[in-house]
Amino acid sequence: MMFHLVLFPLMFPYMVVGLMPDEYFRQKIEIITETRDSLSEPVDAAVPFLDQYEAIWNSAKTLSLIGMDAIGARNSDDVTKILKDLPERITTAYEALVENVRKCEESNTKEALKEATNNLAVYCISVINISRDVRVKPNDANSWRLMHDHAKTISEVANSIRQVLIQSGSGIQACIETIGTIARITENLETMQMLARDGTLESTGDPFPNHREDMSGAAKRLIGAARLLVNGAISSNQEQVKDAAMTAEKTISDLADAVESGVFSLSIDDVVTRSLLLNAGTDVAKALSNSLEFTMDAFMKFPNDASWDKLYSSVKELVIIVRSFLETVESF
């Protein structure tokens, strides 16, 4: 007599469609819960916040990217693999984040990081649960909507952790503030250019040469400030970057003041010369802003990271633009 083995899909869903048993998801959720609860537990040797800056940044970035993968899973050709790997990826990344935050010495920054990391656990657990649901019911629109919303929150909270890092690094914060100053300077120069073209920008009538040295001196000092930015980034020294950013802020402000004074000294009818000078000053300000952006991006990255090439290129571009500015000033 021959016997036939018959499998009933409804009775053995995990065997049929290759899903993991519920125990697997429970284990991942338990790990995240226990990891979250360990946030306030002391470590053997705490280190300064800045020593953990890059590790926390990378952990948060990983979680943000995982969240984005989960958001796009439904429309991906690799949806099965993404959903299968999601619980393990989330758990591993969250464990790394908590470990890196715990290692920091106590500070207001650490408290902010702990709060965000604690909140993140809720959505990590939720996405793990939902990843199971959408594998069992791949056409359940409500589950996919929840997956999208909660995965989006994972990315947003992870990005907020990176914002805490940015705001807490004195050098990075100084770069941000200087970029804000440059934005205001650029806006003012562009407004002046519009008024100059319209012939409504007043003239003081004082000699232009009185302002030429101020413009040239500030432009030359700006190149030195840019080099200080690079040196600070290379040494991963927040204080050096802070000092360089503050020097750059003062110098670009001096240059902008000198450009404005030079423009006001020119005749109201000399529209072309005024526009050329304002354009040149604006170009210098924008180039400096780019160098500051790339300084923040390269800071605490490994030497072979592509962000360093972008930083070096931006400084070279700044030097070229400053030289062009000096030629423009000397030509009047």
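Predicted, not measured: the structure shown is a model, and the values here were computed from it.

(A) Representation of the environment of Phe302 within the structure. Looking at where Phe302 falls in the secondary structure, it is placed in the loop between helix 10 (271–298) and helix 11 (306–331). For Phe302, a relative accessible area of 58% corresponds to the exposed category. Residues contacting Phe302, with those up to four places away along its chain left out, are Glu54 and Trp308.

(B) Inspection of the side chain of Ser314 at higher detail. Locating Ser314 in the fold gives a position in helix 11. Look at Ser314 and you get buried, because its relative accessible area is 8%. Looking at Ser314, its side chain comes within polar contact range of the main-chain oxygen of Leu311, at 2.7 Å. Setting aside residues no more than four positions away along its own chain, Ser314 makes contact with Asn290, Ser291 and Phe294.

(C) Region of the structure containing the packing of aromatic side chains. Tallied over the full model, the rule gives four aromatic pairs. With a centroid separation of 6.3 Å and an interplanar angle of 10°, the aromatic rings of Tyr53 and Trp57 are classed as stacked. Linking Tyr53 with Trp57, this pair stays in helix 3 (residues 53–71), spanning four residues, or about one helical turn. By relative accessible area, which is 5% here, Tyr53 ends up buried.

(D) Region of interest: the nonpolar core. Counting residues in each nonpolar core, the largest one holds 95 residues, and the members touching the most others are Leu120, Met147, Ile252, Val259 and Phe325. Beyond its immediate sequence surroundings of up to four residues, Ile252 is in contact with Ile182, Ile185, Leu222, Val284, Ala285 and Leu288.

(E) Summary view of the confidence of the model for the protein chain. In this model, the protein chain carries a mean pLDDT of 88, and residues with pLDDT of at least 70 account for 93%. Taken as a whole, residues 1–19 scores under 50 in pLDDT and shows nine contacts with residues more than four places along the chain or in a different chain.

Rules used in this analysis
- Residues numbered from 1 in each chain as written.
- Predicted model: local features only at pLDDT ≥ 70, side-chain atom pairs only at ≥ 80, totals over all residues.
- Heavy atoms only, no water.
- Helix = DSSP H or I, 4+ residues; strand = E, 2+ residues; numbered from the N terminus.
- Buried < 20%, exposed > 50% of the residue type's maximum accessible area, 1.4 Å probe, protein only.
- Contact = heavy atoms within 4.5 Å.
- Polar contact = N/O pair within 3.5 Å; in protein donor to acceptor, adjacent residues only side chain to side chain.
- Phe/Tyr/Trp six-rings, centres within 6.5 Å; stacked < 30°, edge-to-face > 60°.
- Core = buried A, V, L, I, M, F, W, Y, C linked by side-chain atoms within 4.5 Å.
- pLDDT = per-residue confidence, 0-100.

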